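# Commentary on secondary and tertiary structure
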Amino acid sequence: LCVLMAVFSVTGCSSHRAVPETGTSLNPVERPVDDFVKPDKHYTIKEVYDPWEGFNRAMYTFNAKFDKYIYLPALRVYKFILPDLLEDCVSNFYNNIGEPFTFANSLLQLKGDKAAITIGRFALNSTVGILGLFDVASHEGILRQDEDLGQTLGFYGIGQGPYIVLPFLGPSNLRDTTGTFTEALAFALIDLFNFDQNEEYLIPYSVLQALDARNQMNFRYYMTASPFEYETIRLLYDKARKIQIDN
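What you see is a predicted model; the values in this text were computed from it and never measured. (Residues numbered from 1 in each chain as written. Predicted model: local features only at pLDDT ≥ 70, side-chain atom pairs only at ≥ 80, totals over all residues. Heavy atoms only, no water.)

## Thoughts on the overall build of the protein
Counted only if it meets this: The helix and strand labels rest on DSSP assignments: H or I over at least four residues marks a helix, E over at least two residues marks a strand, and numbering proceeds from the N terminus. Contact definition: two residues touch when any of their heavy atoms are within 4.5 Å. Reported accessibility uses the Shrake-Rupley method at a 1.4 Å probe radius. Residues are deemed covered only where the shown protein chains occlude them.
What the protein contains, in helices and strands, is ten helices and two strands. Walking the protein from its N terminus toward its C terminus, one meets helices and strands in the order α-α-α-α-α-α-α-β-β-α-α-α. In the protein, 76% of the contacts between residues at least 6 apart in sequence involve partners at least 24 apart. Carbon and sulfur atoms make up 65% of the accessible area of the protein, which amounts to about 14200 Å² in all.

Spelled out as C-alpha cells, the structure:
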C-alpha cells in the first residue's frame with residue numbers, strides 16, 4: 001500500500017529512470033491510409049470485420065494518449081520504486097491468480113493435458129512458491145498455459161463478431177469482450193480476497209494489477225510510425241486469436 005501511495009503522489013512530476021519508450025515520442029503519421037491504397041483493390045490487411053472503425057480509431061488514439069501521459073509515467077515510477085525481484089513477484093502473484101480460470105477453460109475445451117499442467121502449476125506455486133510470489137513451476141519446466149473464455153467460446157464455434165478497441169484494454173472483438181467481462185464478473189462474485197468486506201483494498205489491488213499488466217507488455221504506440229499501424233494491430237490480433245483457439 002505504501003508503494004502504491006508513493007506511485008500516486010509522484011506520478012505527475014516524475015523524472016526517474018524510464019521504461020524503454022521506443023516510439024512513444026512519435027506522433028501518429030499525418031497521412032491517412034486512403035492516401036496509400038486503391039479503393040477497388042483487395043488488401044489482406046483490411047480483411048478483419050470492423051464495422052465500428054470510426055469509433056475504434058478514436059478509441060485507439062485515446063488509448064495511445066492515455067498510455068503516453070498517464071500509464072507509462074506511472075509505470076516508470078513503479079519500476080523505480082520496486083527492485084526487479086519484487087516486480088517479478090508481483091507478476092508471478094497476478095499470473096497465479098489467473099491459473100484457476102485457465103484451468104476451467106482448459107476443462108471446458110476438453111484439453112486435459114493443459115488442465116493438468118495448470119492445476120499442477122497452481123498447486124506448486126501457491127505452496128512452495130509462497131502464494132504465487134515465486135514461479136517455482138516454470139523453473140521445474142512446468143510452463144504456463146494460455147486459455148481464456150474467449151478461446152472457449154471460439155472452440156465451440158461462436159464467431160468473433162465485430163472488431164472492438166476497448167478503452168484502456170485495447171484490441172478485442174465482441175466474443176472476446178464477452179469473455180473478458182464474464183471472467184471479471186466471475187472474479188468479483190467469487191471475491192477471493194473478500195473485497196466485499198475490505199473495500200479499501202480493492203483500488204490498490206486493481207491499480208497494482210494494471211501497472212503489472214502494462215509492465216509485462218512491451219508494446220508502445222506509434223513505434224512503427226506507419227500509416228498502417230491501426231490495421232496491422234487489428235490484423236495481428238485477429239490472426240493471433242485464431243491460432244490460440246486452434247491450439
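## Observations concerning the packing of aromatic side chains
Rule in force here: Any two of the Phe, Tyr and Trp rings considered here, Trp counted by its six-membered ring, make a pair once their centres fall within 6.5 Å; the pair's planes then place it as stacked at under 30 degrees, edge-to-face at over 60, or tilted in between. Under the scheme applied here, a residue whose accessible area is under 20% of the maximum for its type counts as buried, over 50% as exposed, and between as partly exposed, the area being computed with a 1.4 Å probe on protein chains only.
Here the structure, examined in full by the defined rule, presents 18 aromatic pairs. Between Phe193 and Phe195, the aromatic rings sit 5.8 Å apart at their centres with planes inclined by 45 degrees, giving tilted as the arrangement. Overall, the relative accessible area of 11% leaves Phe195 in the buried class. Ring pairs connect the aromatic residues Tyr60, Tyr163, Phe219, Tyr221, Tyr222 and Tyr230, which therefore count as one cluster.

## Comments concerning unusual backbone geometry
Its identity as a non-glycine residue notwithstanding, Asp191 has a phi of 50 degrees, on the positive side. You can see Asp191 is positioned in the loop between helix H8 (174–190) and helix H9 (202–215). Residue Asn194 is not a glycine yet carries a positive backbone phi of 55 degrees. Along the chain, Asn194 falls in the loop between H8 and H9.

## With respect to the pattern of salt bridges
Our working rule: What makes a salt bridge here is a side-chain nitrogen of Lys or Arg within 4 Å of a carboxyl oxygen of Asp or Glu, nothing more.
If you walk through the whole model with that rule in mind, you get 14 salt bridges. A salt bridge links Arg121 to Asp135; the nearest nitrogen and oxygen atoms lie 3.4 Å apart. You can see Arg121 sitting in helix H5 (residues 112–127) and its partner Asp135 sitting in the loop between H5 and helix H6 (136–139), a full 14 residues away along the chain. Ionic contacts of the salt-bridge type, sharing partners, join the residues Asp50, Glu53, Arg57, Glu231 and Arg234 into one network.

## Here's the deal with the pairing of strand E1 (residues 163–166)
How we decide: Two strands make a pair as long as DSSP finds a minimum of two bridges between them.
Burial along E1 is two-sided: Tyr163 and Val165 and Ile164 and Leu166, pointing in opposite directions, are all buried. The pairing of E1 with strand E2 (residues 170–173) spans four bridges and is classified as antiparallel. The residue bridging Val165 from the neighbouring strand is Pro171, located in E2.

## Quick notes on the packing of helix H2 (residues 53–81) against helix H10 (residues 229–246)
What counts is decided by this rule: Axis angles are defined between N-to-C directions and span 0 to 180 degrees, where every axis is a line fitted to C-alpha atoms and, for a helix, only to the segment in contact. With respect to orientation, any angle under 35 degrees is reported as roughly parallel, any angle over 145 as roughly antiparallel, any angle of 65 to 115 as roughly perpendicular, and every other angle as oblique.
Viewed as axis vectors pointing N to C, H2 and H10 meet at an angle of 105 degrees, and their least axial separation amounts to 11 Å. With respect to H10, the axis of H2 lies roughly perpendicular. Every residue of H10 that contacts H2 at Glu53, Asn56, Arg57 and Tyr60 is listed here: Glu229, Tyr230, Glu231, Ile233 and Arg234.

## Section: H8
Definition in use: Expected span of a helix: the number of residues minus one, times 1.5 Å.
Across its 17 residues, H8 extends 24 Å between first and last C-alpha, which sits within 8% of the 24 Å expected from 1.5 Å per residue. Elements in contact with the buried residues of H8: helix H7 (149–155), E1, E2 and H10.

## Some points on the side chain of Thr102
Note on placement: Thr102 falls in helix H4 (residues 99–108). The buried category is assigned to Thr102, whose relative accessible area is 9%. Setting aside residues no more than four positions away along its own chain, Thr102 makes contact with Thr118, Gln145, Asp146 and Glu147.

## Some thoughts on the side chain of Asn63
Tracing the backbone through its elements, the reader meets Asn63 in helix H2. Asn63 gets classed as buried once you look at its relative accessible area, which sits at 4%.

## Some words on the confidence of the model for the protein
Operational definition: Confidence of the predictor at the level of single residues is given by pLDDT, which spans 0 to 100.
Summarising the model, the protein shows a mean pLDDT of 86, and 83% of its residues fall at 70 or more. Below pLDDT 50 for its whole length, residues 1–23 participates in 38 contacts with residues either more than four positions away or in separate chains.

## Quick word on the packing of helix H3 (residues 84–97) against H4
Under the convention used in this document: Three classes are used: nonpolar for Ala, Val, Leu, Ile, Met, Phe, Trp, Tyr, Cys and Pro, charged for Asp, Glu, Lys and Arg, and polar for all others, with Gly counted as polar.
Where H3 contacts H4, the axes come no closer than 4 Å and their chain directions differ by 35 degrees. Only Glu99, Pro100 and Phe101 of H4 make contact with H3, whose side of the interface consists of Asn95, Asn96 and Ile97. Class assignment for the residues of the contact of H3 with H4 results in three nonpolar, two polar and one charged.

## Some thoughts on the environment of Asp67
Within the secondary structure, Asp67 is located in helix H2. We classify Asp67 as buried; its relative accessible area is 3%. Sequence separation between Asp67 and Tyr221 is 154 residues, and the spatial gap between their C-alpha atoms is 8.0 Å.

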